[in-house]
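Per-entry structural report
Take a look at the letters that make up each chain.
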There are 2 protein chains.
Amino acid sequence: MADCGTIGINFRFMPVFPNNLSLRQLRAFDEVARQGAFAPAARELCITQSALSESIRQLEEALGMRLVDRTTRTVGLTSAGQAFLQDVRHAFDTLEQGVQHLSDLAALRRGKVRIAAAPSVLAVLLMPALPRLRAEHPGIEVDLIEDSAEGIALRVHSGQVDFGVGAAHPAGGELLTQPLVSDQMGLVAQADEPLLQAAQLHAADLAQLPFVGLTTDTAISQLLATAPGMPANVLHTPLRVSNPALLFDAVRQGLGVSLIPALTAQHPARGALGFRVLDTPQVVRRTLLIQRPRRALSPAAQLLCEALVAQVHTLSHQAGMLPD
Amino acid sequence: MADCGTIGINFRFMPVFPNNLSLRQLRAFDEVARQGAFAPAARELCITQSALSESIRQLEEALGMRLVDRTTRTVGLTSAGQAFLQDVRHAFDTLEQGVQHLSDLAALRRGKVRIAAAPSVLAVLLMPALPRLRAEHPGIEVDLIEDSAEGIALRVHSGQVDFGVGAAHPAGGELLTQPLVSDQMGLVAQADEPLLQAAQLHAADLAQLPFVGLTTDTAISQLLATAPGMPANVLHTPLRVSNPALLFDAVRQGLGVSLIPALTAQHPARGALGFRVLDTPQVVRRTLLIQRPRRALSPAAQLLCEALVAQVHTLSHQAGMLPD
DNA sequence: CGGTGTTACGTCGAGCGTAACAATA
DNA sequence: TATTGTTACGCTCGACGTAACACCG
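Looking at an unreviewed UniProt entry, chain A carries the name LysR family transcriptional regulator, with the source organism given as Comamonas aquatica DA1877. Here chain A is described in UniProt, under the heading Sequence similarities (unreviewed entry), as follows: "Belongs to the LysR transcriptional regulatory family."

Below, the discussion takes up the overall build of chain A. A count of helices and strands for chain A gives 12 helices and 12 strands. In terms of overall size, chain A is more extended than a compact globule, its C-alpha atoms giving a radius of gyration of 32 Å where 324 residues would be expected to give roughly 20 Å. With respect to the principal axes defined by its C-alpha atoms, chain A has extents near 100 × 50 × 30 Å. Burial status across chain A gives 50% buried among its 324 residues. Nonlocal contacts in chain A, meaning residues at least 24 apart in sequence, comprise 72% of its contacts between residues at least 6 apart. Charge centroids of chain A, computed over 26 positive and 29 negative side chains, lie 6 Å from each other.

A few words now on the interface of chain A and chain B. In this complex, chain A contributes 52 residues to the contact, which on the side of chain B involves 53 residues. Summed over both sides, the interface between chain A and chain B buries roughly 4700 Å², with carbon and sulfur atoms accounting for 68% of that surface. Put simply, chain A and chain B have 2 salt bridges between them. Residue R295(A) pairs with D69(B) through a salt bridge whose shortest N-O separation is 3.9 Å. Summed over the shared surface of chain A and chain B, the number is 4 residue pairs in polar contact (both at pLDDT 80 or more). If you list the elements that add at least two residues to the side of chain A that touches chain B, you get α1 (23-35), α2 (38-45), β1 (68-71) and α4 (79-106) of chain A. Here the side of chain A that touches chain B gets 19 residues from one element, more than from any other, and that element is α4(A). Its residues assigned to classes, the side of chain A that touches chain B comprises 26 nonpolar, 13 polar and 13 charged.

Once that is clear, we can look at empty space enclosed by the protein. Inspection of every chain in the model, using the stated rule, returns 1 cavity of 30 Å³ or more. Of the pockets and cavities examined, the largest cavity occupies roughly 40 Å³. Lining of the largest cavity is provided by L23(A), L26(A), V88(A), A91(A), F92(A), L95(A), L23(B), L26(B), A91(B), F92(B) and L95(B). If you list the elements that add at least two residues to the lining of the largest cavity, you get α1 and α4 of chain A together with α1 (23-35) and α4 (79-106) of chain B. Residues of the lining of the largest cavity, tallied by class, amount to 11 nonpolar, no polar and no charged.

As a further point, take the relation of the copies chain A and chain B. Each of the two chain copies can be brought onto the other by rotation about an axis and movement along it. Between chain A and chain B, the superposition needs a rotation of 179 degrees and an axial shift of 0.1 Å, giving an RMSD of 0.2 Å. In short, the pair behaves as if placed about a two-fold rotation axis. Considering only C-alpha atoms, the part of chain A nearest the rotation axis is A91(A), at 2.2 Å. The fraction of interface residues of chain A whose copies in chain B are also interface residues reaches 100%, indicating that both copies meet through the same surface.

Looking now at the protein's contact with DNA strand C. Residues in close proximity to DNA strand C total 22 residues, the closest being F38(A), S53(A), R70(A), R294(A) and T48(B). Take the atoms of DNA strand C that sit within 4 Å of the protein: sugar and phosphate atoms are 76% of them. A distance of 3.0 Å is found between a phosphate oxygen of DNA strand C and a side-chain nitrogen or oxygen belonging to R24(B). Taking T48(B), its main chain carries an N or O atom lying 2.7 Å from a phosphate oxygen of DNA strand C. Elements with a contribution of two residues or more to the surface near DNA strand C: α2 and α3 (49-63) of chain A together with α3 (49-63) of chain B. A per-element tally of the surface near DNA strand C places α3(B) first, with 4 residues.

About the thresholds
- Residues numbered from 1 in each chain as written.
- Chains lettered and ligands numbered in written order.
- Predicted model: local features only at pLDDT ≥ 70, side-chain atom pairs only at ≥ 80, totals over all residues.
- Heavy atoms only, no water.
- UniProt positions renumbered as here; feature names shortened; annotations may be inferred.
- Helix = DSSP H or I, 4+ residues; strand = E, 2+ residues; numbered from the N terminus.
- Rg over C-alpha atoms; globule rule 2.2 N^0.38 Å.
- Buried < 20%, exposed > 50% of the residue type's maximum accessible area, 1.4 Å probe, protein only.
- Contact = heavy atoms within 4.5 Å.
- Lys, Arg positive; Asp, Glu negative; His and termini not counted.
- Charge placed at Lys NZ, Arg CZ, Asp CG, Glu CD.
- Buried area = accessible area lost by both parts, 1.4 Å probe.
- Salt bridge = Lys/Arg side-chain N within 4 Å of Asp/Glu carboxyl O.
- Polar contact = N/O pair within 3.5 Å; in protein donor to acceptor, adjacent residues only side chain to side chain.
- Nonpolar A, V, L, I, M, F, W, Y, C, P; charged D, E, K, R; others polar.
- 1 Å grid on protein atoms, 1.4 Å probe; cavity = no way out; pocket = protein on both sides within 12 Å on 5 of 7 lines; lining within 4 Å.
- Points joined across faces, edges and corners; volume = space filled by probe spheres on them.
- Least-squares fit on C-alpha atoms with pLDDT ≥ 70 in both.
- Near = heavy atom within 4 Å.

Pasting the structure below:
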């Protein structure tokens, strides 16, 4: 490498910063001031007197100023030393505080997690885990952002969220995905709908029923569109809503039935509506955990990740759930 | 030396302080964050990428936490890294400020000097130098403390003042002294006193005049007491005052004449009173510069010291002055 | 003498550069 | 392919300890 600092244009600000001095020297100075003598300070620092003496000498040389008045028997600080000591200790406190902050992050005493996810994931997988998380880690802030598959991908890619949960989507380029849970599509209808009690439920059975769909930008809608054997009224619905909660409201109002994933059926907004898995075709929705590649999750984000997986396991016995 | 940290009782506070990390690593971290990449940061730091990479690795290892997310092409900070960066920069600013303070002290832009001295020294040697000093170094604070020889010695010994100027005194133990100026004792009297014009002035000439003295705790009084050939009215005075200003007032009131050093005669409070050196005996007062041994003077104190010496030279042509 | 801080000197390891590698755009 | 970050491997210089010294109580 070319020797630096030769002609280079970029001298920048360069305020003669302590390029020379080291934390060792400053720590040594602090301890000498604290102890008022070299010998005990050296013991405290776990070095010999000679090493300590050398450190102080170097520090004074680097600063071009005498900091300590040596009197063989007792040691005192120069007025300059006293002034400098203030700042050194302040800097130490700041650094120590910084390390403490890191420790807090690692120990989950502090932190902030931002998650983007599909509505059902938020309501069914994350919300139930929050009370315990809030109780056990009150210092961790959580932002839950409801979004579409595309929005999730974009938010993950831009780093706006720590990770996302939802369907795969090409937006956002290459993202690191990991299967979290798969579930089957099923019929949601008013409780007295006879099909809910049928021995077998086929997609064709829905052909004559009024059908309420999700807007076409949703991953679920697109999943149904690619599934084989879907009757026309399922593929082209006269009424489309953008999220499960509205869908449940529509079904409850008698506007029709719908097909939703089993996980979404766990949404509290379903209320007393009935649900059963579709036997043919088996339409499986895969929900992924989506991260930026080569980006480490913060400890708090890991915690929520784990809570998410745990919640998946809790719900794994429900009809139509296929945990990965 | 016994290996430290074994059983020792003194674990003290020991808050897992950054015992490992160094300023180099922190500076490297700061620069990586600033540049957003290793290569330019390494150039800025005048080291190779490999060295920089190693520094960051060590820092992360010391902190037990990933600070930088490497993406080969671009580099981002972990949330932990962002939080830590704040504190690191704050600590840097504090240190830089400390160094700046030292620089200010050295360049006489800031500073504080405390001086203890005899009244005549303050009024005659220091006061005249102050206007220029205040003009040239407005950031330097000066404390002038008027005191007796004993008080000066004690204040110097205790470190309450940077240095003292006055007569020698055993109080305060071993002090570093340096002759500053010597001057002869002389007669101070109302301007019409015939002795002021005499060809020769002998101590015995004062025997019949009313005499006003300084209190016996003053160095001048003690000096006169040990001088040979002093008439009784000089040695035992019915009226004693504690400082030259009062003495001048007394003489002006016609209460008597007195003997004072030539330097003191330069005191502005003398007004129109006459002064002439005593021819026999020649009584010489030695004024010393008094410092604590093995204690370096601050730059500001040195400045005042030099101003003091310069003022001595300015007055060296006056009658009775014997600069050393 | 006991204890202080300083200096001299030999040793060892941390920190660096060179070079080869891996991975992205 | 060009550029970036990582790893491997010597090397050198700085930081340490031992020891001898100088100094004060």
